[in-house]
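Here is what each chain is made of, one letter per residue.
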Amino acid sequence: DLVVTDPFRDSFDFTRYLVGDKMKVYPGRESFPDHRIPTLEFMGRSGEVLNLGGANVHEEQINSTLRTIYDRPVSWGVNKRESERPEGIVVELYVENPEILEAEEFEENLAQYVPSIEEAYKLDIVDSIQIYDISSYEITGEAKIDRMSV
């Protein structure tokens, strides 16, 4: 997340931008001697958002998590399905070389990029993360896939 203050606004002089927001930056106007303050325009969202037990996870956050673990960009896909418990979900993660990735390691790394996912773990909303080979990936329901790498 990024919070930007605007000294020219009277009320609500800050704006919060989230991972996945697309912005256009315009050159700044002269505000103080030798200082230019750029203007930002919100252009919408990039990528898809997957709600995992109340935590909104953006494609770039999954990309970052996998890049941290694999030390390179990786093709991936993800499905979310109900678990045996009515209030629980199971996350199915499809990646290249799944033998490299452990669910616990993925959960810990993802929590660095999406702190709210820890609540979903603590409240037992996310029952498990199951890891599969990307070659068996089928898009169903609320499935999201990294279209940049696949």
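Before reading on, note that the structure itself is shown above.
Residues numbered from 1 in each chain as written. Predicted model: local features only at pLDDT ≥ 70, side-chain atom pairs only at ≥ 80, totals over all residues. Heavy atoms only, no water.

> Can you break down the overall build of the chain residue by residue, with the values?
Helix and strand counts for the chain come out as three helices and 10 strands. Element order for the chain, N to C, with α for helix and β for strand: β-β-β-β-β-β-α-β-β-α-α-β-β. Looking at the chain as a whole, 34% of its 150 residues are labelled buried. For the chain, long-range pairs separated by at least 24 residues make up 54% of all intrachain contacts whose partners lie at least 6 apart in sequence. Accessible surface, the chain: about 9,500 Å² in total, of which carbon and sulfur atoms supply 51%. (Helix = DSSP H or I, 4+ residues; strand = E, 2+ residues; numbered from the N terminus. Buried < 20%, exposed > 50% of the residue type's maximum accessible area, 1.4 Å probe, protein only. Contact = heavy atoms within 4.5 Å. Areas by Shrake-Rupley, 256 points an atom, 1.4 Å probe, with all protein chains shown as cover.)

> Let's hear about the packing of helix α1 (residues 59–70) against helix α2 (residues 103–113): which residues, and what values?
Viewed as axis vectors pointing N to C, α1 and α2 meet at an angle of 125°, and their least axial separation amounts to 9 Å. Compared by their axis directions, α1 and α2 come out oblique. Crossing handedness for the pair α1 and α2: right-handed. Contact residues: α1 offers Q61, S64, T65, L66, T68 and I69, while α2 offers E105, F106, N109, L110 and Y113. When grouped by side-chain class, the residues that make up the contact of α1 with α2 number five nonpolar, five polar and one charged. (Axes fitted to C-alpha atoms, helices over the stretch in contact; angles between N-to-C directions. Parallel < 35°, antiparallel > 145°, perpendicular 65-115°, else oblique. Left-handed = near helix turned anticlockwise from the far one by under 90°. Nonpolar A, V, L, I, M, F, W, Y, C, P; charged D, E, K, R; others polar.)

> Could you give an account of the packing of aromatic side chains, naming the residues involved and the relevant values?
Here the structure, examined in full by the defined rule, presents one aromatic pair. Each ring, one from Y94 and one from Y132, has its centre 5.2 Å from the other, and the planes form 25°; the classification is stacked. Of this pair, Y94 sits in strand β8 (residues 89–95) while Y132 is found in strand β9 (residues 126–133), placing the two residues 38 residues apart along the sequence. Residue class for Y94 comes out buried when judged on its relative accessible area of 8%. (Phe/Tyr/Trp six-rings, centres within 6.5 Å; stacked < 30°, edge-to-face > 60°.)

> Got a sec to walk through a nonpolar patch on the surface? Specific residues and values, please.
A surface patch of nonpolar side chains, amounting to about 330 Å² of accessible area, comprises M23, V25, L40 and F42. Secondary-structure elements contributing two or more residues to the nonpolar patch are β3 (21–32) and β4 (35–45). Within the element layout of this structure, M23 appears in strand β3. (Patch = residues over 30% accessible without salt bridge, like charges linked within 9 Å, V, L, I, M, F, W, Y side chains within 5 Å. Salt bridge = Lys/Arg side-chain N within 4 Å of Asp/Glu carboxyl O.)

> Any details on the pattern of salt bridges? Residues and values, ideally.
Scanning the entire structure with this criterion turns up four salt bridges. R67 is the salt-bridge partner of E60, the closest N and O atoms lying 2.6 Å from each other. Across the salt bridge formed by R85 and D127, the nearest N and O atoms sit 2.4 Å from each other. On the criterion of sequence distance, the pair formed by R85 in the loop between β7 (76–82) and β8 and D127 in strand β9 is long-range, its members being 42 residues apart.

> Hey, could you go over empty space enclosed by the protein for me, with residue numbers and the actual values?
Enumeration according to the criterion identifies two cavities of 30 Å³ or more in this entry. Lining the largest cavity, in full, are L52, V57, I62, V78, V91, L93, F106, L110 and I129. Of all elements in the fold, only β8 and α2 reach the threshold of two or more residues within the lining of the largest cavity. Considering only residue class, the lining of the largest cavity consists of nine nonpolar, no polar and no charged. (1 Å grid on protein atoms, 1.4 Å probe; cavity = no way out; pocket = protein on both sides within 12 Å on 5 of 7 lines; lining within 4 Å. Points joined across faces, edges and corners; volume = space filled by probe spheres on them.)

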